[in-house]
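# Summary of the model geometry
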Amino acid sequence: MKLSMVQWLQCPACAGSLTCQVGTQEGQEVREGALVCGGCRARYPIVRSVPRFVPGDGYVGNFSFEWTVHRTTQVDSQSGRSDSEDRFAQSLPFPLQYLKGKLVLDVGCGTGRFAEVVLKHGGTVMGVDLSFAVDSAFANMGGHPNMHIAQADIFKLPLKRDCFDLIYSLGVLHHTPDCRRAFEQLPKHLKPGGTVAITVYTNQNKFYVMSTNFWRTVTPKFPKRLLYVLCHAAIPLYYFNKIPMLRHIGLGLFPISMDPDWRWRVLDTYDCYSPVYQSYHSYPEVFAWFEAQELTRIRVVEPTVTVMGERPRIEARHGAD
Ligand SMILES: [Zn+2]
């Protein structure tokens, strides 16, 4: 981690300020050391250049595995595709050029596929993830002077309030035990006038939800490597599902990713069947979450449930405040 990252951090236990004890340092990067709380004296180790605010990867061991195996698959600069930039652009209420000079929080950063887009357009990124994907994100982008990474739990974020111009979490919150409550952790970290954007799985296709939920009663309990090998069935099933007469039968019985690239297919299929938690939501439901947080200029993007809103510049006043 870079020492400059401390300015946005606070103790997740008591909100005390943190100071960095440097063990080993190379240039700007503190490789090993600890962050120590001035309030409760809690100590958070810095391991392999990443501060660790959790003792392990909790319920997301599948994502630690997935993003170690597929460290570069979805990173545009490595894949030669522009999926991450295209999807990110669709998830924002402003052009990517607006990111220049902005401070951005990436919640569930994974390997850093969207962080790379922010960096490319001149923003500074604070990426947090509960899984060991943080090590992949560091390998991919940790060397960038504007990239900061921490391993942390969304329900105990080690971050100060009122800091960020933009907070996004794309395809992540539905993998927590409580998607709405996870979203509710975010707006307080926005600067007034800042934007929050999330994407969660849609429940629009009831048959898809029913079918994946049926398989998922058992698949998250499979050993990770076994499930990953089984997900390679998506490679040939793709060609079966391309036959118009059989497509609905194939995808209805056993939904798989239909990405033309076989690596993305295996990755996205594993991504569907491996998580411990996976919830599906509707537009009105997520819109109401934004309204309840008193966000304004709320916008919805189709076809996924992508919703974005703005923290008011002048907070609504309440009688007791
Ligand atoms: Zn503390």
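Heads up: these notes are all about the structure in this document. Computed from a predicted model, the values in this text were never measured in an experiment.

Analysis parameters
Residues numbered from 1 in each chain as written. Predicted model: local features only at pLDDT ≥ 70, side-chain atom pairs only at ≥ 80, totals over all residues. Heavy atoms only, no water. 1 Å grid on protein atoms, 1.4 Å probe; cavity = no way out; pocket = protein on both sides within 12 Å on 5 of 7 lines; lining within 4 Å. Points joined across faces, edges and corners; volume = space filled by probe spheres on them. Helix = DSSP H or I, 4+ residues; strand = E, 2+ residues; numbered from the N terminus. Nonpolar A, V, L, I, M, F, W, Y, C, P; charged D, E, K, R; others polar. Pairing = 2+ DSSP bridges. Axes fitted to C-alpha atoms, helices over the stretch in contact; angles between N-to-C directions. Contact = heavy atoms within 4.5 Å. Salt bridge = Lys/Arg side-chain N within 4 Å of Asp/Glu carboxyl O. Buried < 20%, exposed > 50% of the residue type's maximum accessible area, 1.4 Å probe, protein only. Donors = N, O, S within 2.8 Å, 3.2 Å for Na, K, Ca; no water. Tetrahedral: all angles 85-135°; square planar, octahedral: opposite > 155°, others 65-115°.

One water molecule sets the probe size; rolling that probe over the atoms shows where empty space is left. Empty space within the second largest pocket amounts to approximately 240 Å³. As for the second largest pocket, its lining consists of 15 residues, of which Pro-93, Phe-94, Thr-195, Arg-297 and Glu-310 are closest to the centre. Those elements that provide at least two residues to the lining of the second largest pocket are β9 (190-200), β10 (296-301) and β11 (305-310). A per-element tally of the lining of the second largest pocket places β9 first, with five residues. Of the residues assigned to the lining of the second largest pocket, the class counts are five nonpolar, four polar and six charged.

Before going further, it helps to examine the sheet that holds β10. Across the sheet, which stays open at both edges, the seven strands sit in the order β7-β6-β5-β8-β9-β11-β10 with mixed pairing between neighbours. Here the strands that pair on one side only, and so sit at the sheet edges, are β7 (147-151) and β10. Here the average twist between neighbouring strands, direction ignored, is 15°. Of the pairings in the sheet, the one linking strand β5 (residues 103-107) to strand β8 (residues 164-170) comprises three bridges and is parallel in character. Across the sheet, Leu-105 pairs through a bridge with Ile-167, a residue of β8. Along the sheet, helix α5 (residues 133-141) makes contact with β6 (124-129) and β7, crossing β7 at roughly 165°.

Quick look at the pattern of salt bridges now. Applying the stated criterion across every chain, the model contains 13 salt bridges. Across the pair Arg-81 and Asp-259 runs a salt bridge, and its minimum N-O distance is 3.0 Å. Of this pair, Arg-81 sits in the loop between α2 (76-79) and α3 (83-90) while Asp-259 sits in the loop between α10 (244-253) and α11 (262-273), placing them 178 residues apart in sequence. Take Arg-81: its relative accessible area is 24%, and that puts it in the partly exposed class. In this structure, the salt-bridge partner of Arg-263 is Asp-261, at a minimum N-O distance of 3.1 Å. For Asp-261, a relative accessible area of 17% puts it in the buried group.

Another aspect to go through is the coordination of the zinc ion. Binding of the zinc ion to the protein goes through Cys-11 (SG), Cys-14 (SG), Cys-37 (SG) and Cys-40 (SG), at separations of 2.2 to 2.3 Å. Considering all four donor atoms around the zinc ion, angles at the metal cover 94 to 115° and the coordination shape is tetrahedral. Each donor residue of the zinc ion lies on one chain, and together they are spaced C-x2-C-x22-C-x2-C. Note that Cys-11 is positioned in the segment before β1 (18-26) and Cys-40 in the loop between β2 (29-37) and β3 (43-47), a separation of 29 residues in sequence.

This part covers unusual backbone geometry. One non-glycine residue, Ser-49, lies in positive phi territory at about 75°. Structurally, Ser-49 can be placed in the loop between β3 and β4 (50-51). One non-glycine residue, Arg-297, lies in the positive phi region at around 45°. Here Arg-297 shows up in strand β10.

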